[in-house]
Amino acid sequence: MTRRRGEQNLKDMTPEHGSFRDANNRVFYHHGEVFRSLSAEAAANWHQLRQTAFFRRLMESGAVVGTETESRADVTALVSGPWAAVLRHEPIPFISYPYEWTFGMLKDAAWLHLDVLEQALEHGWTLKDGSAYNLQWRGQRPVFIDVSSFEPYRDGDSWTGYRQFCMMFIIPLLLKAHRDIQLAPLLRSNLEGVDPEEALKFISVRDIFRRGVFTHLYLHARLQARAGRAEARTSAPDAAPAKWPVRQTREMTLRMVQSIKRMVAKLERRRGETAWSAYETTHSYDDVSLAEKKGFVERHVRGRRWRMAYDLGSNTGTFARLCSEHADHVIAVDEDELAVDTLYHRLKTETPDNVTPLVMQLSNVSPDQGWRGRERKSFDDRGKPDLILCLALIHHMVITANIPMQDFLQWIRSYDAAVVLEFVGPEDEMTLRLLKNKRNKHPDYTLARFESIAASMFDIADKAPLKEGRRHIYFLQPKPASASAQSAA
Amino acid sequence: MTETPKNVAWTALLGGAFYLISTCPSLAYLDPGSGSMLLTAILGILAATTYTLKGYFHKVTALFRKNRLEAGDRAGQTKD
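Residues numbered from 1 in each chain as written. Chains lettered and ligands numbered in written order. Predicted model: local features only at pLDDT ≥ 70, side-chain atom pairs only at ≥ 80, totals over all residues. Heavy atoms only, no water.

A few words now on the overall build of chain A. When you go through chain A residue by residue, the secondary structure sums to 19 helices and 16 strands. Here the C-alpha atoms of chain A give a radius of gyration of 25 Å, agreeing with the 23 Å that 2.2 N^0.38 yields for 489 residues. Considering only C-alpha atoms, chain A reaches an extent of 75 × 70 × 45 Å along its principal axes. Expressed as a percentage of its 489 residues, the buried residues of chain A come to 55%. Of all intrachain contacts in chain A linking residues separated by at least 6 positions in sequence, the fraction that spans at least 24 positions is 72%. Total accessible area on chain A stands at roughly 21,400 Å², and carbon and sulfur atoms take up 51% of it. (Helix = DSSP H or I, 4+ residues; strand = E, 2+ residues; numbered from the N terminus. Rg over C-alpha atoms; globule rule 2.2 N^0.38 Å. Buried < 20%, exposed > 50% of the residue type's maximum accessible area, 1.4 Å probe, protein only. Contact = heavy atoms within 4.5 Å. Areas by Shrake-Rupley, 256 points an atom, 1.4 Å probe, with all protein chains shown as cover.)

This is the structure:
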């Protein structure tokens, strides 16, 4: 009986496939909770670390994820072999990745990482790496999640994670700040970050003298290339691992980290405007129609407490913020980085702090990728919303991205959530603008067809015209899967 | 590969630095990269030196500030 229960427990244990690089620990999930198994060495570190005042302060302030030693026998029994201890972490509402963050988010995450490292160094500890994947978002606040990254500072060492930190944080930030290169495609295709030598190809001679570039990018690339050539000339297959070229002191590493932190804090993006960044002043609504739209959304959103709401095509987040009072967590997604960054900066001064803004092309959401396509999960597999706002998005998906209307609605239906959807009709000036240069005028993009497809998958619980009938807004409840299959047939 | 004087000098500098003042090897799971290790060494020295010099600078300027403050106080007292 006990054995059977043990086997059942093991079946309920889901490993986190992105947690394998550091052999000293593994993250896994069990009955909706997050755990981390530790090797004997990591467990010894943890027992020292949890007694330090600086670490307790970091947890209390929310800078580091809440963590406790797990003592329940049914959980500790899940791990065997090299694992000496199990930790339980406070769950993060939605896992996001650096290639979904804006410039401001990446900058704040970098700053927090350096701040945690600075405090660790001040108290005789260090961080063994510098990965952007060690940070997550609790609403609009970054949080450092990898407690096994803390280790006692060893006299003579510098910061091992410096190169990784440069590749994942500093170089992308410099490229965005000085060259306005989009972070999302760059970091989505380079999961380990941007190599300094590769980044050198993006910058001009003038850029070398801009803040942070000479040291962390130019000199870094040159030294790396030179060291690579020097190593290639030395034929020593049994050579010992590389050693720190200069005996470092904790003071030197601490001052270096503080200087990088100051540099990161001063980085600013280039000023500019995109099609959607000033949406609140340039949208096509008059005050009355906008009030009607807000009224409709609010009426259906405030009816209950939502666990997780997605605002797909959120722009500068007017409706995501409206939802935030009625939901535990809100994920606001848009493909316009500046619009999302504008939202992020606005959110930083607001409460409730439960909105996480993300940058993503909705016609090409983040896929499964990394080692065996399992290391970083697709956007579709990461969250389970019970409410979706999909306002004035459908015409972009159907007309601009040429996604069939049926496919698009099936995608929305696949979340099995209630949906507030705004259909932008074919006579609306925004639709006409999208159709202007297209030979295919999408004759099947009609209100009647939309309603027919929507009705096959959802119950249309409420509907209202907007902008004198050129748009319509709907509150849709998903039909049970069998019913929607019958309607479709 | 051609051994230019520049290359020889560079290898000597790098090798010398590695040989002369090295510590025990890093056992972390990450490869810190030889070039990056050299850079962190340079940055560490620069940051620590700048910090120390700034400290001295503040101490020196504090002397003048103190003098000015005292002079100001005296001036204030005379005025009263």
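Moving on from the model shown.
All names here are of chain A. In space, the five strands of this open sheet follow the order 1-2-3-5-4, with antiparallel pairing throughout. Every other strand in the sheet has two partners, leaving strand 1 (13-15) and strand 4 (67-69) as the edge strands with one partner each. Shown here is a sheet whose adjacent strand axes are inclined to one another by a mean of 35°, direction ignored. Relative to strand 5 (residues 83-89), strand 3 (residues 33-39) runs antiparallel, the two being bridged by six bridges. Residue pairing across strands places phenylalanine 35 opposite arginine 88, the latter belonging to strand 5. (Pairing = 2+ DSSP bridges. Axes fitted to C-alpha atoms, helices over the stretch in contact; angles between N-to-C directions.)

This brings us to a nonpolar patch on the surface. Residue and element names in this part refer to chain B. Together, Val60, Leu63 and Phe64 give the surface a local cluster of nonpolar side chains, amounting to about 320 Å² of exposed area. Tracing the chain through its elements places leucine 63 in helix 2 (residues 34-79). Given the relative accessible area of 55%, leucine 63 is considered exposed. (Patch = residues over 30% accessible without salt bridge, like charges linked within 9 Å, V, L, I, M, F, W, Y side chains within 5 Å. Salt bridge = Lys/Arg side-chain N within 4 Å of Asp/Glu carboxyl O.)

Residue and element names in this part refer to chain A. Within the largest apolar cluster, 112 residues are counted, with the highest numbers of intra-cluster contacts made by Phe150, Leu312 and Phe408. Apart from residues lying up to four places away in sequence, phenylalanine 408 is in contact with Cys390, Leu393, Ile394, Met397 and Ile403. By size, the runner-up hydrophobic cluster in this structure holds 26 residues, among which are Val297, Ala309, Phe319 and Phe475. (Core = buried A, V, L, I, M, F, W, Y, C linked by side-chain atoms within 4.5 Å.)

At isoleucine 170 of chain A, helix 6 (residues 162-179) of chain A shows its maximal kink, close to 35°; a proline, proline 172 of chain A, follows between one and four residues later. Trailing helix 6 of chain A by a residue or two, aspartate 180 of chain A shows a phi angle of about 55°, which is positive. (Bend = angle between axes of the 7 residues up to and from the residue.)

Now for the state of the cysteines. Residue and element names in this part refer to chain A. In the structure shown here, the tally under the stated rule is zero disulfides over all chains. Of the cysteine sulfurs around cysteine 390, a residue in no disulfide, the closest is that of cysteine 323, at 13 Å. Overall, cysteine 390 belongs to the buried group, its relative accessible area being 0%. (Disulfide = S-S within 2.5 Å.)

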